[in-house]
Amino acid sequence: MSQNGNAPEAPAKPVEQPPSKDAKTFGMLCHLLAFAGFVIPLGNIIGPLVIWLMKKDEFPFVDDQGKESLNFQISLLIYALISGILVVVVIGIFLLI
């Protein structure tokens, strides 16, 4: 309890600094390197993974954006695999549209 008998005060939240220009650049690269999948098989996962692994400890913003990019690309890969299997079974022909 605080001195006046009320409930204890919550500690103040630390003020987060906006990401630096370098952090924004590497965060953007995590998303843009997903286009590497058009040139290199699985490049859409390898590109963001490399940037994220190199810079995640240096920039918290890159850690967050790298995870977002990888999560999205892995989800798309899973959806594409499932759709491909369903197309072979003819049920998923509507998924091609």
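Right above here is the structure, for reference.
Model, not experiment: these values are computed from the prediction. (Residues numbered from 1 in each chain as written. Predicted model: local features only at pLDDT ≥ 70, side-chain atom pairs only at ≥ 80, totals over all residues. Heavy atoms only, no water.)

(A) Up close: unusual backbone geometry. Positive phi outside glycine occurs at Leu 42, with the angle close to 60 degrees. Locating Leu 42 in the fold gives a position in the loop between α1 (21–32) and α2 (43–55). (Helix = DSSP H or I, 4+ residues; strand = E, 2+ residues; numbered from the N terminus.)

(B) Region of interest: the packing of aromatic side chains. With the rule as written, the count across this model stands at two aromatic pairs. When the ring of Phe 26 is compared with that of Phe 59, the centres are 6.1 Å apart and the planes differ by 25 degrees; the resulting orientation is stacked. A residue pair is termed long-range when its members are at least 10 positions apart, and Phe 26 in helix α1 and Phe 59 in the loop between α2 and α3 (60–88) qualify at 33 residues. Take Phe 59: its relative accessible area is 12%, and that puts it in the buried class. Consider the rings of Phe 35 and Phe 38, whose centres lie 6.1 Å apart with planes at 20 degrees: the pair is stacked. Exposure remark for Phe 35: the relative accessible area of 53% places this residue in the exposed category. (Phe/Tyr/Trp six-rings, centres within 6.5 Å; stacked < 30°, edge-to-face > 60°. Buried < 20%, exposed > 50% of the residue type's maximum accessible area, 1.4 Å probe, protein only.)

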